Amino acid sequence: MSTQPTHFALLARLLHWLMAVMIIAMLFIGAGMVTSVSQRHEWLIHLHKPLGIAILLLVVVRLLVRFSTRQPPLPADLPGWQVMAAKASHVLLYALMLVLPVLGWAMISASGEPVMLSNTLQLPSILPADAQVFAMLRKAHGYLAYLLFLTVLLHLAAALFHGWVRRDEVLDSMLRGRERD
């Protein structure tokens with residue numbers, strides 16, 4: 001008998017919360033990085049790059065988990081526009097989690113600097129050095145980071161709406177595992 005799950009798989013939940021913390025940290029590190037000209041700027045850059053690559057790798061794992069496990073359905077009484085908004089926001093979140101790290105990698109490559117994740121670990125450049133391309137990618141990276149921040153806030157607001165207003169188990173499906181019978 002094939003029944004719909006009521007909660008996300010444990011690995012999906014762990015990846016969700018780990019990446020939520022990483023992405024929120026990344027957004028604040030990025031904001032601090034672009035507003036700082038102190039010694040802290042270099043330190044923040046050294047945090048930002050490996051965290052971005054870690055997010056890129058984890059989102060690939062997360063997509064594999066998402067496509068290989070069943071997700072709980074949205075409530076049947078949810079208005080159609082909210083179902084579409086939920087699906088669109090998830091697609092946007094996954095797209096931004098994939099695109100932003102690749103864009104950052106391309107931006108550093110276009111700057112002509114080595115793409116260093118640590119003192120000894122260097123990624124290959126994915127673009128040739130080009131100041132105009134660097135400037136364009138830097139601007140795009142910033143705008144998309146703001147879009148990610150806005151999308152995360154909307155995602156959080158929707159989760160709280162489901163948990164506190166609708167009380168329809170949508171939030172609970174990501175917070176807890178299955179209840180023991």
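Residues numbered from 1 in each chain as written. Predicted model: local features only at pLDDT ≥ 70, side-chain atom pairs only at ≥ 80, totals over all residues. Heavy atoms only, no water.

Looking at an unreviewed UniProt entry, one finds the protein named Cytochrome b and attributed to Pseudomonas moraviensis. The Sequence similarities (unreviewed entry) comment attached to the protein in UniProt states, word for word, "Belongs to the cytochrome b561 family." Listed under Cofactor (unreviewed entry) in UniProt, the entry text for the protein is "heme b". (UniProt positions renumbered as here; feature names shortened; annotations may be inferred.)

A. Spotlight on the packing of aromatic side chains. Applying the stated criterion across every chain yields a total of 1 aromatic pair. Taking the centre distance of 6.2 Å and the plane angle of 85° together, the rings of F28 and F149 count as edge-to-face. Of this pair, F28 sits in helix 1 (residues 10-35) while F149 sits in helix 4 (residues 131-166), and the two are 121 residues apart along the sequence. What makes F149 partly exposed here is its relative accessible area of 34%. (Phe/Tyr/Trp six-rings, centres within 6.5 Å; stacked < 30°, edge-to-face > 60°. Helix = DSSP H or I, 4+ residues; strand = E, 2+ residues; numbered from the N terminus. Buried < 20%, exposed > 50% of the residue type's maximum accessible area, 1.4 Å probe, protein only.)

B. Focus on the packing of helix 1 against helix 2 (residues 39-68). It is the contact of helix 1 with helix 2, at a shortest axis distance of 9 Å, that shows an interaxial angle of 155°. Classified by the angle their axes make, helix 1 and helix 2 are roughly antiparallel. Judged by the sense of rotation from one axis to the other, the crossing of helix 1 with helix 2 is left-handed. Across the contact of helix 1 with helix 2, the residue classes break down as 21 nonpolar, 6 polar and 1 charged. (Axes fitted to C-alpha atoms, helices over the stretch in contact; angles between N-to-C directions. Parallel < 35°, antiparallel > 145°, perpendicular 65-115°, else oblique. Left-handed = near helix turned anticlockwise from the far one by under 90°. Nonpolar A, V, L, I, M, F, W, Y, C, P; charged D, E, K, R; others polar.)

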